[in-house]
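# Report on the structure
Here is what each chain is made of, one letter per residue.
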Amino acid sequence: PFCTFLGGVCAQEVVKVAGKFTPIPGWLHFNALEVLPAELPADTQATGSRYDSLASVFGHSFVQKLQDLKYFMVGCGALGCEFLKNFALNGVCCGPNGLLTVTDADRIELSNLTRQFLFREHNVGQPKSKAASAMAQQMNPAMQVRALEMFVGPKTEDSFNDDFWLSLDGICNALDNMEARFYVDDQCVKYERPLLESGTMGPAGNVDPVVPFKTHTYRDGGQADEGGGIPMCTLRNFPHLPDHCIEWARDQFELFFVKSVKQLKKFHEDPATFISEIGSSTDMTQSIFEVRGLLSLLNAASRPSVESAGQTAFDFFHLLFRDKILDLTAAFPADARIIDPDTKQDKGLFWSGHKRFPDATCFDVEKETHWRFLAASTALFAAMLGAVPQKQEGDNSWCQEFKRKAWAAALVQKLKVPEYVAGGVNTDGDATAGGVTSGVKADSKAILQGLLQQLQGFAGQPLPALEEADFEKDDDFNYHIDFITRCANLRADNYHITNSDFHKVKLVAGRIVPAIATTTAAVCGLVMLELFKLLQGKNTDGFRTRQIGLAVNTYTSFEAQEPRSFSSGVEKKVPRAEELPPDAFDDAGKIKAEYVLEEAYASYPEKHSVWDKLSVPTGTMTLEGFKDWLAKEHKLKLRNWSFVLGWKRVVDEENKEMRVPVSSQIYPPPVSIDAKLLPPLTDGQADAMKKIQASAAIPPAQKMKYVSEWQKAKKSGKLPESTGQEIRPEMTLKDILALMEVKAEKALQDGSIYPKWGKAISDLAGRRFWVIPSDQTPDCATMDAEPLDVRYMARIEVPLT
């Protein structure tokens, strides 16, 4: 491994001859003495094995441990190829009891050959995991490898299940995106398995060993940051960089092929409620756009075909690149000026600085970006409507005929150019927009009401089985990245911004971290040293978190941090100075102690870490039994339990993406309404309230709830139906979790939770246990003389078998 590290460093020094980076100015001294055994091994004699050199330092028994490892490598790109080479040459998983499981859903592209050195030109188009594994077995025929073409994430937990994770000795990440890293990190915590984490960014790299109960996790390590966001007003109306256009196009993909399906289903189930919600929206501009899109989709859904899908794609082309631009330039003409509303001072042209005045686009089949956008959109809409079969994994000829210009030209002849409908402009987040004195302001409310009347005409129309798209960056034949590329470049053309090629869009939209071969080699060599320490059972101070910079000659090593522990404490709440009376300050001007509020809180167990857990004895324990178990075994009082089903996506004014939990109440059990106890809907409100108040069958604490439910039923004309999904104290935890799984699926289908993040609970049938994460545990208090809120609680494990 040390040779691999030095090889990467030396190769980068050769590259520096070109003059791009600074050569090492003198000597480089680097050691990893902490990897050596604590005691000299006795079994170091040469045996004629290919591993004699390794055994001379660590012993043959250590080599045998390497050979019998059962490891899981996630990803098989630049890092993955380098790891496979290191595993093969060091004998990892090369024994009769060893097994390396490698998974990567991507296939080899020509551009991969520059840095993913196990691949050759004849491998282009082959699965990365299988081609790389075959090359590694040429290096060491004894290597035991199982190559898979699967993603690792919530949607493949039926394959990568409890039995799989528990069978492993450890996991090695070779990933290129943060989302997957976080997921694998969470699984390693859940199953208490070590993780070898690393990453590269050009000539820089990092190594992060994650060891159960000894080190912090990758998520807690402080390096896991995807970077800041782009202001929402910039994405909406004022892009000036290619990346702005790509991010915007990625959002359109989500809107077109995911959100629109949910909206169509929601409209189909309850048209009146849907129209009411859209009509009361505060964002009129977005509502107008979405309703116009839904009208086009409903037209297509009434006669699903490639041609109707093409018409929808054509409609969206004009919505995005003609109509929205015309709306913007009508509201803010080229000569628009900013006038301070208070001082009336002229602050200059509105279209200045980073703001570029856009031009609307007319469809031209002779322009490649135009017809390719139409082709990609048509394929995706046709798949959504069921007009073409869904793309199957490995099918590289899916909708291949759409990729011909002649096909697009023939389709355009059958399509109708949609009429321009004026809309509004959302300028939230742009402080200068309010001071513009010229421009035409559309009556957004009237326009929206007119569109909603058209939408009402589709009420009751049957829908085909709609299929939403699941964004996949690693399949170059599914039209996902192709759509985003054409969409981003059409947006760029509107604003006179440089276009982006397919590979750049794939990097940005897929949030891929780029790699170069020298850094990859150096980083993987250092990771192998951490693997050697794992097998020796080193303590926390033996592991190293490393950050290297081959371009600037920085090689930094830190002792791994111990897991973060959570302790009880006291939070001091200092009030704002302007809210206090004059006598609240001492002679030095500081707030007196008696005005500072102190709130004590508890941690349970005291000084626990993310690796610790509370194990429920059995999943057949009832909710009431669970409450008693917390009280008797842990001296905790259960106060409230809201189960997280998933998360909805909220974007704040600074365009920071926030995950807001969507929950379902478990404890106290929600009030279950018995519709038989409600008064007839023919009663007046006064009579109904009298009957509810007089009913002995309705508990006093629930009477107002019954009044509220009767009022809702009176308004809708329908009595509530029992769903059979009420939480009861005698329900077992297994049954409660099964009910939460059903509710999570329903929330996903009706759009309550963001599909990209998926459900928080799934696939219970194939699991041994379910873990309630520490940030989702029930709300509890200590049972001391002076009870304290439990602010930090260890995760809870519920057996399912």
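See above for the structure.
The structure reproduced in this document is the subject of the present report. (Residues numbered from 1 in each chain as written. Predicted model: local features only at pLDDT ≥ 70, side-chain atom pairs only at ≥ 80, totals over all residues. Heavy atoms only, no water.)

Of the regular secondary structure elements, the protein holds 22 helices and 19 strands. If one aligns the C-alpha atoms of the protein with their principal axes, the spans along those axes are about 95 × 75 × 70 Å. For the protein, the residues scored as buried account for 50% of the 801 residues in total. Just so you have it, the protein exposes about 37500 Å², and 53% of that area is on carbon and sulfur atoms. Averaging the locations of the 89 positively and 105 negatively charged side chains of the protein gives two centres separated by 2 Å. (Helix = DSSP H or I, 4+ residues; strand = E, 2+ residues; numbered from the N terminus. Buried < 20%, exposed > 50% of the residue type's maximum accessible area, 1.4 Å probe, protein only. Areas by Shrake-Rupley, 256 points an atom, 1.4 Å probe, with all protein chains shown as cover. Lys, Arg positive; Asp, Glu negative; His and termini not counted. Charge placed at Lys NZ, Arg CZ, Asp CG, Glu CD.)

Another point: the packing of helix H20 (residues 685–694) against helix H21 (residues 703–716). As a packed pair, H20 and H21 sit with axes 10 Å apart at the nearest point and diverge in direction by 145 degrees. Seen along the crossing, H20 lies across H21 with a hand that is right-handed. Contacts between H20 and H21 involve Gln685, Ala688, Met689, Ile692 and Gln693 on the former and, on the latter, Lys703, Met704, Tyr706, Val707, Trp710 and Gln711. A per-class count over the contact of H20 with H21 returns seven nonpolar, three polar and one charged. (Axes fitted to C-alpha atoms, helices over the stretch in contact; angles between N-to-C directions. Left-handed = near helix turned anticlockwise from the far one by under 90°. Contact = heavy atoms within 4.5 Å. Nonpolar A, V, L, I, M, F, W, Y, C, P; charged D, E, K, R; others polar.)

A separate point is the sheet that holds strand E19 (residues 795–799). The strand order E13-E19-E16 describes an open sheet built from three strands, whose pairing is mixed. Looking at strand neighbours, the two that pair on one side only are strand E13 (613–615) and strand E16 (769–772), the edges of this open sheet. Looking at each pair of strands side by side, their axes are set apart by 25 degrees on average, direction ignored. As judged from the three bridges shared by E13 and E19, these two strands associate in the parallel manner. By the bridge assignment, Ser615 is partnered in E19 with Glu797. (Pairing = 2+ DSSP bridges.)

Turning next to the nonpolar core. Soluble, globular proteins show a tendency: their nonpolar side chains are buried together. Counting residues in hydrophobic clusters, the biggest one holds 85 residues, and the most contacted among them are Phe256, Phe257, Phe381, Leu455, Phe483 and Ile484. With twelve residues, the single largest contributor to this core is helix H13 (residues 368–385). With residues up to four places along the chain from it excluded, the contact list for Phe483 reads Ala249, Gln252, Phe253, Phe256, Phe257, Phe373, Ala376, Ser377 and Leu380. (Core = buried A, V, L, I, M, F, W, Y, C linked by side-chain atoms within 4.5 Å.)

This brings us to the pattern of salt bridges. What the rule picks out here adds up to 43 salt bridges. The shortest N-O distance in the salt bridge between Glu599 and Lys573 comes to 3.0 Å. You can see Glu599 sitting in strand E12 (residues 597–604) and its partner Lys573 sitting in strand E11 (residues 569–573), a full 26 residues away along the chain. For Glu599, a relative accessible area of 30% puts it in the partly exposed group. Take Lys573: its relative accessible area is 38%, and that puts it in the partly exposed class. (Salt bridge = Lys/Arg side-chain N within 4 Å of Asp/Glu carboxyl O.)

We now examine the packing of aromatic side chains. Overall, the coordinates contain 48 aromatic pairs when judged by the stated rule. Taking the centre distance of 6.2 Å and the plane angle of 45 degrees together, the rings of Phe182 and Tyr218 count as tilted. Of this pair, Phe182 sits in helix H7 (residues 178–191) while Tyr218 sits in the loop between strand E6 (204–210) and helix H8 (232–236); the two residues are 36 residues apart in sequence, bridging distant segments of the chain. For Phe182, a relative accessible area of 15% gives the class buried. Positioned above the aromatic ring of Phe471 is the side chain of Arg250, whose terminal nitrogen or guanidinium carbon lies 3.9 Å from the ring centre. Above the ring of Phe289, the side-chain terminus of Lys324 is found at 4.8 Å from the ring centroid. (Phe/Tyr/Trp six-rings, centres within 6.5 Å; stacked < 30°, edge-to-face > 60°. Lys NZ or Arg CZ within 6 Å of the ring centre and 35° of its normal.)

On to the environment of Asn396, then. Inspection of the secondary structure assignment puts Asn396 in the loop between H13 and helix H14 (405–412). Relative accessible area serves as the criterion here: at 31%, Asn396 is assigned to the partly exposed category. A sequence separation of 82 residues divides Asn396 from Asn478, and the C-alpha atoms of the two residues are 8.2 Å apart.

Before going further, it helps to spend a moment on helix H9 (residues 242–269). For H9, which comprises 28 residues, the first-to-last C-alpha distance of 40 Å matches the rise-based estimate of 40 Å (1.5 Å per residue) to within 8%. Where H9 bends most, the angle comes to about 40 degrees, and this point is Lys259. Most of H9 is tucked away: 21 of the 28 residues are buried. (Expected span 1.5 Å × (residues − 1). Bend = angle between axes of the 7 residues up to and from the residue.)

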